[in-house]
Amino acid sequence: MSNTEFNVIMDEAAIRRALTRIAHEILERNKGIDNCVLVGIRTRGIFFARRIAERIQLIENETIPVGELDITRYRDDNKRDERETADISDPFPIQDKKIILCDDVLYTGRTIRAAMDALMDQGRPQMIQLAVLADRGHRELPIRPDYVGKNVPTSRTEEIEVALKELDGVDEVKIVHHRG
């Protein structure tokens, strides 16, 4: 018998509704998308950002730029002297832009801090906002999302697993319980 159990907490319809709501919240807060750029953190954050962009396109009939960010070299488990500049695919200027950073799960905040460091090495944005599909709490840094698909209180022995069709063939968010 397995010591791992899981519950699906967001199915495809719930994820679709959350993405639509987040797109509307982004448009409302920024009064449209002028000067805005979505940046997805590799890997699932990229697909999350692209889906938000698709919804904004449907709502406003305008295209918002989407970039991808690989923060591997910025993680705090790497030494600073090993770092180079951020790896932004299809680089675009971020100077004075409103950056909406997108990731699938927010946990300790360390990934987001690394992403902000990577972005700042590329220029000085006007502001950075944060959109996440699931916020599980347990922050180690003072980072708070601006847009949240679902708040999911968890214990430290639980995990949140996000599956997206682009990578996993299904859209769902699960809470995984590890038993003794």
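Given the structure is predicted, the values throughout are model-derived calculations rather than measurements.

Attention shifts here to the packing of helix H1 (residues 12–30) against helix H2 (residues 44–60). Running from N to C, H1 and H2 cross one another at 65°; their axes reach a closest spacing of 9 Å. The pairing of H1 with H2 is recorded here as roughly perpendicular in orientation. Crossing of H1 over H2 shows right-handed handedness. On the side of H1, the interface is formed by Ile 15, Arg 16, Leu 19, Thr 20, Ile 22, Ala 23, His 24, Ile 26 and Leu 27, while H2 contributes Phe 48, Arg 51, Ile 52, Arg 55, Ile 56, Ile 59 and Glu 60. Its residues placed into classes, the contact of H1 with H2 shows ten nonpolar, two polar and four charged.

Let us now look at helix H3 (residues 110–120). Regarding H3, the residues found buried are Ile 112, Ala 114, Ala 115, Ala 118 and Leu 119. Taken around the axis of H3, the buried residues stretch over an arc of 160°, which confines them to a single face.

In this structure's numbering, the residues bearing the UniProt feature "short sequence motif: PRPP-binding" (unreviewed entry) are residues 99–111. As a span, residues 99–111 carries 15% helix and 62% strand, and end to end its C-alpha atoms are 16 Å apart.

Okay, the environment of Ile 94 next. Here Ile 94 shows up in the loop between strand E4 (87–89) and strand E5 (98–106). Its relative accessible area of 1% is what places Ile 94 among the buried residues. Counting along the chain gives 59 residues from Ile 94 to Asn 35, while the straight-line C-alpha distance between them is 9.4 Å. Ignoring anything within four residues of it in the chain, the contact list for Ile 94 reads Ile 99, Leu 119, Gln 122, Gly 123, Arg 124 and Pro 125.

Calculation criteria
- Residues numbered from 1 in each chain as written.
- Predicted model: local features only at pLDDT ≥ 70, side-chain atom pairs only at ≥ 80, totals over all residues.
- Heavy atoms only, no water.
- Axes fitted to C-alpha atoms, helices over the stretch in contact; angles between N-to-C directions.
- Helix = DSSP H or I, 4+ residues; strand = E, 2+ residues; numbered from the N terminus.
- Parallel < 35°, antiparallel > 145°, perpendicular 65-115°, else oblique.
- Left-handed = near helix turned anticlockwise from the far one by under 90°.
- Contact = heavy atoms within 4.5 Å.
- Nonpolar A, V, L, I, M, F, W, Y, C, P; charged D, E, K, R; others polar.
- Buried < 20%, exposed > 50% of the residue type's maximum accessible area, 1.4 Å probe, protein only.
- Arc of directions from axis to C-beta.
- UniProt positions renumbered as here; feature names shortened; annotations may be inferred.

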